[in-house]
Amino acid sequence: MHDGSGRIVVQGLTKQFGQVTAVQNLSFTVEPGSVTGFLGPNGAGKTTTLRMLLGLVKPTSGTATINGQPFHRLGNPARVVGAVLEAQGFHPNRSARNHLRVYAAAMGVPDERAEQVLQLVGLDAAADRKAGGFSMGMKQRLALATALLGDPQVLVLDEPANGLDPEGIAWLRSFLQSFARSGRTVLVSSHLLAEIEQTVDQVVIISRGQTMYYGQLDDLRRQQQTRVLVRPADPHALVKALQEDGITEVESTPDGQLAVSGADSMRIADIALAAGVAVYGMQEEQLDLEQLFFRLTSGQFTAAQHNPYGQPPGGGWGPPAGGAPQQAYQAPTYQQPGYPQQNPQHPQQGTGWGGNA
Ligand SMILES: Nc1ncnc2c1ncn2[C@@H]1O[C@H](COP(=O)(O)OP(=O)(O)OP(=O)(O)O)[C@@H](O)[C@H]1O
């Protein structure tokens, strides 16, 4: 039997697809009464993690439990966890109401529950329309209604804001918050921080299958960092001098500048002067939350170098344990926020997966 806690615990979770490590030693806990955002760029391993949690993919190693049990041992899982991995899979000629009644019957819940969830998600006026004619946002609502049929204690949603208009997103936000405030558990994935920033209490940020940050969003906000943009005559010479001084968090920008973290402009100027490198300009830059998220998920470090947070909880982020990486300055990797780079190590592959849990 499960313990009824509503807690999700992911411990050392790893999934290898052939040569591709989709998820690597991921650990985090989602407590009831809160909304947890599961964030990462495309291909970071979010869906694979959720699929392992929902018993759809077998982990290579590690465990994922809900109420202290792996999904397949939950007994009547639809009563414990409602999940939406894809807002697809509706019979196009079936009305929303009939779709829900079919699922209600399969779960052993009465037809009235279909009416309740239609109202909960704001689809009651469209209940008799065919799902095939629904907009993406309406399909998201219908998928959510299906997940809610069993009145579950835990909600797991993969990119639920996809296709929702601003009003729909606002609605989803208040719905998830009130669901969590009633003592239940919500885990919601997204590749856009801004989309769920106002909804979530804590975040698990992953990149290339690894945890980059795990903790309260407010703590991350407090860690807004400053970096200095420097325009040196000889970038290589300055990077070398900075590294010799222990400053290794250096990125190149598309316009030929260096973005230096971990030192103020005065220290950088002193190092440049001592190294005989002329500097034509310097500017301090404050990173906002979106930029921090961006740096955490597509920064200059390779995943292997930047993996200090396989362990739970407590949050925090910073340079890798055991010292900063040696090769932080490489080919230009600076990206403008909003234009994430493709992960060359883990290219997205066409897969035939799908379907709701
Ligand atoms: N069945 C599979 N076979 C091979 N590779 C896979 C399979 N499923 C996922 N992958 C790979 O694992 C990595 C993580 O994919 P995943 O879909 O979990 O990421 P994601 O964070 O959910 O991305 P997105 O936001 O684009 O959905 C990707 O490189 C993907 O190509």
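Each value, and the rule that gives it
- Residues numbered from 1 in each chain as written.
- Predicted model: local features only at pLDDT ≥ 70, side-chain atom pairs only at ≥ 80, totals over all residues.
- Helix = DSSP H or I, 4+ residues; strand = E, 2+ residues; numbered from the N terminus.
- Buried ≥ 20, exposed ≤ 12 C-beta atoms within 10 Å, placed from the backbone.
- Contact = placed C-beta atoms within 7 Å.
- Axes fitted to C-alpha atoms, helices over the stretch in contact; angles between N-to-C directions.
- Parallel < 35°, antiparallel > 145°, perpendicular 65-115°, else oblique.
- Left-handed = near helix turned anticlockwise from the far one by under 90°.
- Nonpolar A, V, L, I, M, F, W, Y, C, P; charged D, E, K, R; others polar.
- Core = buried A, V, L, I, M, F, W, Y, C linked by C-beta atoms within 7 Å.
- Pairing = 2+ DSSP bridges.
- Domains from an automatic or database assignment.
- Expected span 1.5 Å × (residues − 1).

Per an unreviewed UniProt entry, the recorded name for the chain is ABC transporter ATP-binding protein, and the organism is Gandjariella thermophila.

1. Some words on the overall build of the chain
Broken down by element type, the chain carries 11 helices and 13 strands. With 357 residues in all, the chain has 43% of them scored as buried. Pairs at least 24 residues apart make up 74% of the contacts formed inside the chain by residues separated by at least 6 positions.

2. Details of unusual backbone geometry
Non-glycine residue Asp151 carries a positive phi angle of around 50 degrees. Assignment of secondary structure puts Asp151 in the loop between helix H5 (136-148) and strand S6 (154-158).

3. Some remarks on the packing of helix H9 (residues 235-244) against helix H10 (residues 265-275)
For the pair H9 and H10, the least separation of the axes is 9 Å and the interaxial angle reads 115 degrees. Considering their axes alone, H9 and H10 lie roughly perpendicular with respect to each other. Both H9 and H10 take part in a crossing whose hand is right-handed. Residues Ala237, Leu238, Ala241 and Leu242 of H9 pack against Ile271, Ala272 and Ala275 of H10. Looking at the contact of H9 with H10 residue by residue, the class counts come to seven nonpolar, no polar and no charged.

4. Considerations on the nonpolar core
Looking at soluble globular proteins, one finds that nonpolar side chains tend to be buried together. With 73 residues, the main nonpolar core has Leu53, Leu100, Ala145, Val156 and Ile205 as its most contacted residues. Sequence-distant contacts of Val156, defined by excluding residues within four places in its chain, comprise Leu50, Leu53, Leu54, Val81, Ala83 and Leu187. By size, the runner-up hydrophobic cluster in this structure holds 14 residues, among which are Val228, Ala241, Leu258 and Ile271.

5. Digging into the sheet that holds strand S4 (residues 61-66)
Spatial ordering of the open sheet is given by S2-S1-S4, a layout of three strands whose pairing is antiparallel. This sheet does not close on itself; its edge strands, each paired only once, are strand S2 (20-30) and S4. The average undirected angle you get between the axes of adjacent strands in this sheet is 20 degrees. Across seven bridges, the pairing between strand S1 (residues 8-17) and S2 is antiparallel. Residue pairing for S2: Val10 is matched across the bridge by Phe28. Where helix H1 (residues 46-53) meets the sheet, it contacts S1, S2 and S4, and its direction lies at approximately 115 degrees from that of S1.

6. Here's the deal with the sheet that holds strand S13 (residues 279-286)
Sheet strands line up and pair through hydrogen bonds in the backbone, either parallel or antiparallel. Spatial strand order, S11-S12-S10-S13: four strands in an open sheet with antiparallel pairing. Looking at the sheet topology across the chains shown, the edges are occupied by strand S11 (250-252) and S13. Strand-to-strand twist in this sheet, taken as the mean axis angle between neighbours without regard to direction, amounts to 25 degrees. Pairing geometry for strand S10 (residues 226-232) and strand S12 (residues 258-261), over four bridges, is antiparallel. Looking at S12, one finds that Val228 is bridged to Val260. Its contacts with the sheet put H9 on S10, S11 and S12, and the angle it makes with S12 is roughly 10 degrees. The strands touched by H10 are S10, S12 and S13; relative to S13, the strand with the most contacts, the crossing angle is about 155 degrees.

7. Section: the domain arrangement of the chain
Each domain of the chain was delimited in the assignment, giving domain 1 (8-221) and domain 2 (226-286). Using only C-alpha atoms to locate each centre, domain 1 and domain 2 end up separated by 44 Å.

8. Quick word on the pairing of S6
For S6, the tally of buried residues reaches five of five residues, placing the bulk of the element in the interior. Residues Val154, Val156 and Asp158 of S6 are buried on one face, and the alternating residues Leu155 and Leu157, pointing to the opposite face, are buried as well. Of the strand pairs in this sheet, S6 and strand S7 (residues 185-190) are connected by five bridges, and their pairing is parallel. Looking at S7, one finds that Asp158 is bridged to Ser189.

9. Here we look at H5
The end-to-end C-alpha distance of H5 is 18 Å, a good match for the 18 Å that 13 residues give at a rise of 1.5 Å each. For H5, a buried count of 11 out of 13 residues is recorded, marking the element as mostly surrounded by other parts of the structure. Regarding H5, the residues found buried are Met138, Lys139, Gln140, Arg141, Leu142, Ala143, Leu144, Ala145, Thr146, Ala147 and Leu148. Where H5 is buried, its residues touch strand S5 (81-84), helix H3 (96-107), helix H4 (112-120) and S6.

10. Details of the environment of Val188
Of note, Val188 is situated in strand S7. Accessibility expressed as a C-beta count within 10 Å gives 26 for Val188, which makes it buried. With 162 residues separating them along the chain, Val188 and Leu26 place their C-alpha atoms 16 Å apart. Apart from the residues within four sequence positions on either side, Val188 is in contact with Val35, Gly37, Phe38, Leu157, Pro160, Leu176 and Ile196.

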